[in-house]
Every structure is written in C-alpha cells, then in structure tokens.
Amino acid sequence: MYRVKTFISGLSKSQTLGILLQRTCASVQTVSDRTQTTNSFLNGSSSVYTESMYEAWLQDPSSVHKSWDAYFRHGEFASPSQLAPHAQSSTSVDTYKQSQEYYHVQSLIRSYQERGHHYADLDPLGINDHTFSNMGIELAYSHFNFGEKDLDRKFYLPDDSVTYIGGEEKTLTLREIIRRLENIYCKHIGIEYTHINNEEQTRWIREKFETPRIREFSREEKHVTLARLVRSQRFEEFLSTKWTSEKRFGLEGCEALIPGMKTVIDRSTEFGVESFIIGMPHRGRLNVLANVCRKPLENIFCQFDSKLNEEDEGSGDVKYHLGMSHHRLNRVTNKEIKVAVVANPSHLEAVGPVAQGKTRHEQECVGDHEGKRVMSILLHGDAAFSGQGVVYETLHLSDLPAFTTHGTIHIVVNNQVGFTTDPRFSRSSPYPTDVGRVINAPIFHVNADYPEEVVYVCKVAAEWRATFGKDVVVDLVCYRRNGHNENDNPYVTQPIMYKAIEKQQPVMEKYADELVNSGVVTKEDYKNEIEKYDQICKKAYDDSKGILVNKNSEWLDSPWGDFFVNKDQMKVAPTGIPEDVVQKLGIQSSSVPKDLKIHSSLNRVLKARMKMIEDRTVDWALGETIAYMSLLIDGYPVRLSGQDVERGTFSHRHHVIHDQMVDKKTFCPLNNLDGLFEGKKPAPYTVCNSSLSEYAVLGFEVGFSQVDPNCLVLWEAQFGDFANTAQPIIDQFISCGQDKWVRQLGLVLLLPHGYEGMGPEHSSARLERFLQMSNDDPSQELIPRKLEKFGDDFAMQQLHDSNWFVCNISTPANYFHAIRRQILLPFRRPLVNMSPKAILRLPEARSSFDELIGDTEFQRIIPETGVASENPKGVQKLVFCTGKVYYEIAKIRKVVEREHQVAVVRVEQISPFPYDLIRDEIAKYPNASISWVQEEHKNMGAFQYVEPRLRHLLNNMGRDDKVKYEGRFPAASTAAGNKQLHEQELDAFMSNVCNPDFY
C-alpha cells in the first residue's frame, strides 16, 4: 500500500480527484443520471481493491483494465474514454465534473470540521468579533465552486471516515448539508479536534457530534439540568444577600459550570470511577464545594464568621482556598463516591500538578493502572490557562509512564478577561486553550449561556477520557458578572463589556423560560424548585450559627485515617538496622543478572561496591541505596523522581541499569528484593527520570506525598540552583502547608549544593532561603538558663514544632539515618537536604557499617572526635560549620598541624537548631573562641540564621563572646564563574580558619 501512496503524492489535481473518487467508496454521479463502468480505474471501490489491482498488474499487466495499466505503468491517470476508442467523450467530461463536485462536497465538509469553531456563536455577550453571522469566505459554498442553483441538488455523501452528518441517508441536498454542518460546528459549540493525529480518535469525535439527533435531551435530563442551575445560581444569590461586603469569588456568569461538572461525575461514575480529585482556583470554589462535592452548607456558611474560634494550631487560610474530602452518594448512579478538592494558594495553576500527583498515588494505592477508578478534574481561568507556564509543564506530564493519570478533564472558566486585562493583551493565541493542542487533546468550546450544550460537551468529555485515557479540554465561554471580586469595580477598565453584562439575563432564568415555553416544566415547577433550595440554605444558615469552633482538620483533602492513633509524638523508632541486613542489601544492590550486558564503567562501580561491603564501609550512593532498601523490605514504598535521578546527575546512583546490547532492557536492583528475607513482602520502588521541569514535577510529588504517610517520596534537583524555578511550590505548599491547611507532609527535597568552581548556577541551592522560612525562634525560651539540663523530649519537641527540617549532611551514615527517620517519626515534616557533589566519591566521606547498625541514630551534630577532644581545655578555637566545607577545614588543619588547637563541629541539622548539643560543645571547650565557617558568601548560606541563635545561646550561658564569621565576602552572585577566582576566594578565608590567633 505504501507504494501506491507514493504514486499519489506526485499526481496532478485531476489525477488526485480520480483517486479520491475510487477510494471513498461512493459514486460521484447525481442521483438522476448515475451510470456504471466496469472494472475501470474510476470504479475502484476501496484501497483494498486498488491493492488487489496492483498485485494483479505486477503478475500480468494485460489482466487488468487499460486504465489501471496506464496508471501503474506511468503513474498517470487516464480515463476510460481516452484509452477505449469506442467510449463516448461526453461520459469522460461528465465523470470528471462529477468527481470535482464530489471533491468539493468533501472539501466543504472538511472546512467546517477544521474551521467551523472560528465562527461558532460562543460569546454569550455577543461582543466577540467571531460570530456565526460573520462567517468568512472559507465556509461559503461559493468558495467550493457551488452556486445558488446547486443548493437543492442532491449529492452523495462521503463515508463515515469523513463524516456522519447523513446518518442512514446516503444523499443530501447541498442546502441540507450546509444546514447540518452549521448546526454542528457553528452554533453554540466549537469543536477543535482536527489537530489530533489519530484517526480513530477524530472519527470518534465526529460521530459524537455529527450523528443526527445525538444531542437531543429527554424531559428528565432537562429537569435535572434546570434543578442544578437553580442550585448554582441561588447559592450565589444567598451568599450575596447574607454577606454583601465579603469576598467570595462567586460563580455568577458561569452558573452552567455546576451542571457541567456534575455531568462529568455522573457519566464517569457510570464507567466505574469511584474517586474524583479536583484542582481549581478560587472563582466558584464555594459553589463547587456546596453543589458538586455536597459539603454541608452550614460548614461553609460558618466560615464567614470572623469571630469563629480556631481549634487547630496554625494560621489557617481564607475560605476560598480550603480543600476538603467528602464521601457521598451519586444519586444518578446510586454509587458511593469520594470527591476531594485540593487546597490551593492564590498562585494560579500551582494546584494543577499537585492534584495530578495526588490522583496518581490514589490510583496506585487501589491498583488502578488504567485510571478507571480514580480521576482528576482541573478547573482553570482563561488568562491563567494561557499565561501560566506551569500549565504547559503539567500537560506534558500527561503521557509520561511514571506521571500519567490516564486522562484529565480540564474545564476552563473563560471569563473573557483576566482581572482587568483584555484577552488581546494577555495572550497571543486565538483561544486561551491553545496550549491543549500540544498534547493532542480535543478542545470543546461552548457558550455557557446554553446549559444543554454545556452538559452535552461535558458528557462527551467524560466519555472521551473513559474511552481513550487522554486529556480533554472544555472551554466554557462565559462572563464575570462582578469584577475580579465582589468589591471590585470593573466598569473602570471594561466599560463596554459590563454594560452588556448589566443587560444579560441570568442563564437560569433564560433556560427556565425556554422550558416553560416548550411545555417541559410549568412556572409552578420552577418556582417550587427555587423555594425548595432557598429553604435548604436558610436552614443551613441557622444551623451554622451554632458552630462556634473552626476545625481546619475537617477541611483536609487527604485525611490519613488512623495514622496518628496510638502514636507517642515524642518517641521515634530506632533507625539503625542489623548488620546482616546491611550486608544482604549491599550485596543485592551491587549484583546484576548474568544475562545483562552492562557498561564497563558500571562494572567497575559495582565491583567497587562489593569491595566496600567486604570492608564494611559505604559511600554516599551505597548508603542511600541501603536506606531505601531497608524501608522497602519493611513494606514502605519509596518514590524518587527528578531530572536524571535513575543514574544520578553525577553518575553515582545507578538504580536503573541498562543492557548495552538490547534496547529498553533494564534492571533495577531495588525492585528485585523478593525472597531476600523470609516472610517479608517488599514494597514497590519507583525511580523515574522526570521531564525537564521543576515547578510541575515538584508540585506533582507534593500531591503524591499527601496520599499515604507511609510512602517515602523524594524529589532531587539536577542541581540545587535550579530548585528556585519551583519556588511557588516550596513557598506555598511545602514550607507552610501544615500551618495553612493542617496538611502534614513527609516529602524529601535533595538539592545538590557546594562550591566547587562550577560557576554561579551550579554551586548554591540557596540554603539561606530555606532557613529564613523556618519557623523556629532565634531567641527560643525553651533554652534553660546557665547549664541546666534540657528536657528529655527537647529534640523531639523541636522536630514536632518545626515546619520542616533543613540539613546539610556530610556522611553517608547520617544520610541513611535521616532517610529512615522520615518514615519512622510519628508525624510528618518535609526534609530539605543540601545534597553533596564532590564528597560523593571522597574516601574521607565514607562511613563504617558500625554507624548504620544497632542503636545508632541520626546525629544532629557531629562533634570533634580527634585529638582536640582529648584535651578540650587546650583548644583555642572552636569552629562550627556544615556540609562539605568540613573536609576542606580538616585537610588544611592537618597540613598546618593545628589538630590539637582547633576543634571542628559539624552542624548536620541546621533547622531546627540543635541548641542542646551546641551548648554542650561550647561548654566542653571553655577557653576557645567561637567561629562560624562557610563556603557561601556572608549574605548567603547559614550564617545569618546561625549567628543570632549562637549569640542567644552564649548569653544564656553567661558568656558575652561574639561569633566570628569566616567565609566569602557578601556578593550579589552566588559564586565566581572563574575557577581561579574561586580558588583564590577559598584560600583567602581558609588560610585563617585554623589560625587560633585570628579572631
């Protein structure tokens, strides 16, 4: 068949018309003068027939008609009249004319399919330039060589590979063809789908919209749609009556969203979906909570009471940012479902990837590998969907194996304005939804003032996802009856738009009038529906007055059930493990199947690991791997994602090993632990290279980690410097999620950090920013005066009260314990670690098995253990530092022979600050001056955080010492771009670090 196609590409227009004719299985004659020709080129009825002709011609050219012989021999079309002298020339002329007409009918249909949405009546305000009455020449029948005299002629229709407009009818007049196409493509729905490069999917969409009478509603469906509109509009009207001056970001102008969303849920529930995760902005959120999720109205109304007492600790959040999770009965299908709305900040679209990660993890928890039981619905604003780059990043996760949710329904509430900015100034694309085209998502634009069209489009969207497991976009073209919020005056910037809005009849009233006039409902029915819902709201309002305490815990989007039950918040299980377990896991991590042909360099790596196991030592990669494996064998799933994490940016991890001879043949040692320990069923390990995104991928992992507190989730930046492109996720979800939403999170951020002469974009993870966002008090009152004993629970209390842990860990053993502590703590907090680079392979940075086994645990500080500790009174200088710089200090201290005069203490956990252990070290060296050494510039790194805490500690000890800073001078750039300058800066401050007289 490919060879026939190559002929076609080189044919003239007349030849192409002939081939189109024979491939479309239809005659081109009008009904009145249809004729037959036998076995000619023009009579080929399908591509299969063409193929059989070609095969016959190859064996014997004389066995086929002369027209086929000429075509196959020369690649040129020759009609029967040209090849047979006895044929009538008029037949040839008529046939060619008819082929042209058929081609033009098909082109007309195709033009509506491709461009009809440009001219659809989508704007409820009627102020958009592109309307049906303004149809362009590209859809006019004259553009296809038809005249007025042709309108009532009948033409054969193409088969269903092209269109379904005929239904059971094979012929239609041109006038009827155009009428049907206008109703389908140019009324109140704009269907954008011809960019999809899958024929099955485009044909499916055509069938859903083109089949005659497919969009007709029953009386019952009309009743339900009206009832849902009543609830949508009357809810907003009730709020506006009771709280006239409160911001609530109401849904007025897009009330049809509620029946649309409920249709998505109804139809998806019929397909077997049991859980829905919704990510949405603030507009319409309260309405969705009330009428889609069916959150009790009294719990929503009480949020308007500013005098409500807070039961939970933390700041809380405004009512239109809160999340929730609610189990309810779907009345249409009579099935129990769960609906969750993910808590979100005002940072538009930031919640999208979070909702996707939560959806993916819920799917994994219930073994839903095709997205049949759990799905996500994302709501967007028009300006945000086109303007926020995280939308593009999130869409590109949709088909990645470790990130797909098997189809998301995106609903854009298209206000046709972004705050005060008109679309012509806020985007360069025709539609706000054009970003959806990049992932082959169909886009259904719909005039939101036509609720039946909205409901039908949402029904098709749900069926699309259930059928193909792909994303789909619904663009609800609506308006915003108020300004950006209820107190905003939109006439200042959009006077014409808001004069039109002022005259606009609410959609509920318009639809009710339509149903009353058509006899579907009576005025009494309509009035009763309104009164019924008004009474529900009034009763809930009265009940809300009895609620005196606000419980943020009731607004959790992912409740953790009994996770906190019977757990002593001041106790943590031991993080050390038996040596035989370390040994077994180490060997397993360094072994590969015999039939796997691995790279020679990797072979050396694995041999080196085996040697370390023999020597009872681990480097960073081996310590990390054993930590993950130890959790897996105890039933705790582990997920590690980020750019290049399978191998590791610095080629140290190698958790996915590739066969050098067979493409896509890989081996993951951490997923081959079955049978290693009797009676233990290992949990799954997921390690996945992500797309080149920080914002969306980190957001995804935040959502993923919200679902199950017993799953360890880690995200590693390629370099810590790049984490700042995910700053909204860090600032709005990770650092303060518990404070705002009572949402605990055990996510681990691994941010490679260290000054090694690699320039300003490959040196700093901005440690100072994470410390600045830590909530511990630099003048903490828990510190005892003088040298009184700290409480036994001081360290655990610090961890419990902290918003996260910020570390700069310097040994594999301590990293091992930090990772295990994340899961074994009785509560969850994020861990941010400034991961190493240079010390990944540093021999001095290896740990002994003795530091992993037995009752060993995470060391918040690593004290001096050398000769200086043997004679503490003789120590003249006490240096505190963190991370990699310790090894540089230790090296120079040895060179200048100051090991007995200078003691060095590593602060592994910087926040919460280990006051108790630091005080013990200061007290141990009574004659020593105090210095803080760091490789970062003075206005960066940990100094600004550590110095006031050390000073406060010294004051409590009755000392008036000052803390000396030793490091780089303040700078705007994080690091020098020149290697030589980097070395000069390092030498400049390191030369005095081990000088006891320099203070």
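You'll find the structure just up there.
Fair warning: this is a prediction, and the values are worked out from it, not measured in the lab.

A few points about the overall build of the protein chain
Move 1: When you go through the protein chain residue by residue, the secondary structure sums to 33 helices and 28 strands.
Move 2: Taking all 999 residues of the protein chain together, the buried fraction comes to 58%.
Move 3: Put simply, 80% of the contacts in the protein chain that link residues at least 6 apart link residues at least 24 apart.
Move 4: In the form shown here, the protein chain has an accessible surface area of approximately 41600 Å², with 49% of it arising from carbon and sulfur atoms.

A look at the sheet that holds strand β26 (residues 909–911)
Move 1: A sheet is described by the order of its strands in space; here seven strands give the open sequence β17-β14-β18-β19-β21-β20-β26, paired in mixed fashion. Each edge of the sheet is formed by a strand with only one pairing partner; in this case those strands are β17 (685–689) and β26. Across the sheet, the mean angle separating the axes of adjacent strands is 20° when strand polarity is ignored.
Move 2: Taken together, the two bridges between strand β20 (residues 805–807) and β26 define a ladder with antiparallel strand orientation. Bridged to C807 within β26 is Q909.
Move 3: Contacts from helix α23 (residues 620–633) reach β14 (638–642), β17, β18 (712–716), β19 (748–750) and β21 (831–833), with the element oriented near 140° to β14.
Move 4: Helix α24 (residues 695–707) contacts β14, β18 and β19 of the sheet and is inclined by roughly 170° relative to β18.

Describing helix α20 (residues 523–544)
Move 1: The terminal C-alpha atoms of α20, which comprises 22 residues, lie 32 Å apart, in line with the 32 Å expected from a rise of 1.5 Å per residue.
Move 2: Three or more residues of α20 are buried, namely Y526, E529, I530, Y533, D534, C537, A540 and S544. All buried residues of α20 lie within an arc of 125° about the axis, which places them on one face of the element.
Move 3: Elements that come into contact with the buried residues of α20 comprise α9 (219–242), α11 (285–291), α12 (297–301) and α19 (507–517).

Re the sheet that holds strand β11 (residues 472–477)
Move 1: Judged by pairing direction, the sheet is mixed, and its eight strands sit side by side in the order β3-β10-β11-β9-β8-β4-β7-β6 without closing on themselves. Both outer strands of the open sheet, β3 (189–192) and β6 (324–330), are each paired with one neighbouring strand and no more. In this sheet, adjacent strand axes meet at a mean angle of 20° when their direction is disregarded.

Focus on unusual backbone geometry
Move 1: A cis amide bond, omega 0°, links S911 with the succeeding residue P912.
Move 2: Tracing the backbone shows P912 in the loop between β26 and α31 (915–924).
Move 3: Although it is not a glycine, S651 adopts a positive phi angle of roughly 55°.

A closer look at the pairing of strand β10 (residues 443–447)
Move 1: The buried fraction of β10 amounts to five of the five residues, a majority that puts the element mostly inside the structure.
Move 2: As paired strands, β3 and β10 are joined by four bridges and run antiparallel to one another. Residue pairing for β10: G190 is matched across the bridge by H445.
Move 3: Sheet topology note: the β10/β11 ladder contains five bridges and is parallel. Residue pairing for β11: H445 is matched across the bridge by D475.

Re the pattern of salt bridges
A side chain of one charge can pair with a side chain of the opposite charge when the charged atoms of the two come close.
Move 1: On inspection of all chains with the given rule, the structure shows 53 salt bridges.
Move 2: Between R949 and D776 there is a salt bridge, with the nearest N and O atoms lying 3.3 Å from each other. Note that R949 is positioned in helix α32 (residues 943–956) and D776 in the loop between α27 (767–772) and α28 (794–801), a separation of 173 residues in sequence.
Move 3: Judged by relative accessible area, R949 falls into the buried class, the value being 5%.
Move 4: In this structure, K884 engages E935 in a salt bridge whose closest nitrogen and oxygen atoms are separated by 3.0 Å. You can see K884 sitting in the loop between β24 (877–881) and α30 (885–895) and its partner E935 sitting in strand β27 (residues 929–937), a full 51 residues away along the chain.

Details of the packing of aromatic side chains
Move 1: The tally for this structure, following the rule as stated, stands at 28 aromatic pairs.
Move 2: Each ring, one from W620 and one from Y815, has its centre 4.9 Å from the other, and the planes form 15°; the classification is stacked. Here W620 is found in helix α23, whereas its partner Y815 is found in helix α29 (residues 812–824), with 195 residues between them in sequence.
Move 3: Residue Y815 is classed as buried on the basis of its relative accessible area, which comes to 1%.
Move 4: Centroid distance Y886 to Y887: 5.2 Å. Interplanar angle 75°. Geometry classified as edge-to-face. Across the pair, exposure class does not vary: Y886 and Y887 are buried alike.
Move 5: An aromatic cluster is defined as three or more aromatic residues linked by ring pairs; in this entry it consists of F235, F238, W243, F301, F304 and Y541.
Move 6: Across from the ring centre of Y450, 5.9 Å away, lies the NZ or CZ of K510, which sits over that ring.
Move 7: Above the ring of Y887, the side-chain terminus of R906 is found at 5.8 Å from the ring centroid.

Reading guide: rules and limits
Residues numbered from 1 in each chain as written. Predicted model: local features only at pLDDT ≥ 70, side-chain atom pairs only at ≥ 80, totals over all residues. Heavy atoms only, no water. Helix = DSSP H or I, 4+ residues; strand = E, 2+ residues; numbered from the N terminus. Buried < 20%, exposed > 50% of the residue type's maximum accessible area, 1.4 Å probe, protein only. Contact = heavy atoms within 4.5 Å. Areas by Shrake-Rupley, 256 points an atom, 1.4 Å probe, with all protein chains shown as cover. Pairing = 2+ DSSP bridges. Axes fitted to C-alpha atoms, helices over the stretch in contact; angles between N-to-C directions. Expected span 1.5 Å × (residues − 1). Arc of directions from axis to C-beta. Salt bridge = Lys/Arg side-chain N within 4 Å of Asp/Glu carboxyl O. Phe/Tyr/Trp six-rings, centres within 6.5 Å; stacked < 30°, edge-to-face > 60°. Lys NZ or Arg CZ within 6 Å of the ring centre and 35° of its normal.

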